[in-house]
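Coordinate analysis (summary)
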Amino acid sequence: MEEPLEASDSRQTDKKLLDVLRGGRADPPPVWLMRQAGRYLPEYRALRAEKGGFLDLVHDSAAAAEVTLQPIRRFGFDGAILFSDILVIPHALGQDLRFVAGEGPRLSPPLVDSALDALEAAPARLDPVYRTVERVAAALPPETTFLGFAGSPWTVATYMVAGQGSRDQGETRRMAYGDPQAFGAIIGAIADSTIDYLGRQIEAGVEAVQLFDSWSGSLSPAQFEQWVIAPTVKIVAALRARHPDTPIIGFPKGAGEKLPAYARETGVDALGLDETIDPEWAAGALPPDLPVQGNLDPLALIAGGERLDSAIDRIIRAFAGRPHVFNLGHGILPDTPIAHVEHLLDRVRGE
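Structural notes, computed from the coordinates. Note that the coordinates shown come from a computational prediction; the quantities given were computed from them, not determined experimentally. (Residues numbered from 1 in each chain as written. Predicted model: local features only at pLDDT ≥ 70, side-chain atom pairs only at ≥ 80, totals over all residues. Heavy atoms only, no water.)

Thoughts on the nonpolar core
Grouped together as the largest cluster of nonpolar side chains are 115 residues, with contacts concentrated most on Phe77, Phe83, Phe183, Leu273, Leu296, Leu301 and Leu344. In terms of residue count, helix 9 (residues 180–204) provides more of this core than any other element does, 10 residues in total. For Phe83, the contacting residues outside a window of four places in its chain are Ala37, Tyr44, Phe54, Leu57, Val58, Ala64, Val67 and Thr68. (Core = buried A, V, L, I, M, F, W, Y, C linked by side-chain atoms within 4.5 Å. Buried < 20%, exposed > 50% of the residue type's maximum accessible area, 1.4 Å probe, protein only. Helix = DSSP H or I, 4+ residues; strand = E, 2+ residues; numbered from the N terminus. Contact = heavy atoms within 4.5 Å.)

Quick notes on the pairing of strand 2 (residues 96–100)
Looking at chain direction, strand 2 and strand 3 (residues 104–108) are connected through five bridges and run antiparallel. Note on strand 3: the bridge partner recorded for Leu97 is Leu107. Here strand 2 folds back onto strand 3 in antiparallel fashion, the turn holding three residues, of which Gly102 has a positive phi close to 80 degrees. (Pairing = 2+ DSSP bridges.)

Description of helix 2 (residues 42–51)
Quick reminder: α-helices carry 3.6 residues per turn. Residues three or four places apart thus point the same way. Within helix 2, burial applies to Glu43, Tyr44 and Leu47. The buried residues of helix 2 occupy one face: seen down the axis, they fall within an arc of 100 degrees. The inward-facing, buried residues of helix 2 contact helix 3 (54–59) and helix 4 (61–75). Phi for Gly52, located one or two positions after helix 2, is positive at around 100 degrees. (Arc of directions from axis to C-beta.)

Comments concerning the packing of aromatic side chains
In the structure shown here, the tally under the stated rule is 11 aromatic pairs. For the ring pair Trp154 and Phe183, a centre distance of 5.8 Å and an interplane angle of 70 degrees mean the geometry is edge-to-face. Of the two residues, Trp154 sits in helix 7 (residues 153–162) while Phe183 sits in helix 9, which places them 29 residues apart along the sequence. Centre to centre, the rings of Phe224 and Tyr262 are 6.4 Å apart; their planes meet at 55 degrees, and the pair counts as tilted. With Phe224 in helix 10 (residues 221–242) and Tyr262 in helix 11 (residues 259–266), this pair connects stretches of sequence that are 38 residues apart. Counting every residue linked through ring pairs, the aromatic cluster contains Tyr44, Phe54, Phe83 and Phe99. The lysine or arginine in question, Lys258, covers the ring of Phe224, its NZ or CZ lying 5.3 Å from the ring centre. (Phe/Tyr/Trp six-rings, centres within 6.5 Å; stacked < 30°, edge-to-face > 60°. Lys NZ or Arg CZ within 6 Å of the ring centre and 35° of its normal.)

A look at the environment of His330
Inspection of the secondary structure puts His330 in the loop between strand 9 (324–328) and helix 15 (338–349). If sequence neighbours within four positions are ignored, His330 has contacts with Met34, Arg35, Ser214, Phe251, Lys253, Glu275 and Pro298.

In structure tokens, the structure reads:
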């Protein structure tokens, strides 16, 4: 394993990303990429092969810290995001969690067949994550902002109910309509656990947090209000009461025209935009002082060339003059050429 990055003895306050998340403006904008620590990096693949399964890697704090630091060491992103997974929360709530090669996560028992109160909570399963945070916080360069994260309650619930991912979240949506009281209890349990989890991340050293709601686009407007906006309001309010200086990024993927309501009602400090959102529309529809993050199509990054350049330029033009964090509209894909990531950084930074 490579040595961690050397940290300065005194942490500087000049953190470009953190400043923008708090409402400042920067030209060029700060940049980091969702899933920037992962399979497109040969150093990640080598460590993953050494450590075995994905969950083994997440639970090995030294290895998870190294994975978090790898893209900072290679690219010098303005932000480092904790290497973990959104499904550590259902694992801590008492479901068994495993990752099947080529198929994805499996949670048991699925809550479509079992009651929430049948689970035996195991919060100690989150302890390795907090140790990872401490390791990374001690090793990051002083100018790099450290981002923690969790899955939002709706998205986490889709896995807990079905026991796995699905294309349309059908089983979970049926439960939400058919037994809103039981489903509300699941959402509430996830929200309460997420508040504590993100609070512990902040106490261990992260400087901003992101809520990933990867499946929010599958909900009707009324259900979006009930199962996305309402629990996010609860999480944001609780975190702000405990840690008022820590910015919270909301990322409701697929929300589309519901984004202005999400931004207005949840109280998030910054809003992540997926690649389906027209940046010019977003620039006009969202509050001008709200920091936005995004929203390059990950496939444009793979394509490279003129198409990549024009997409980068369009996003930067649309968000010029407002707080903007350059990022992808979703996670970086495993077959992304490293040379294209290097080119993206040069283009965004005007180098």
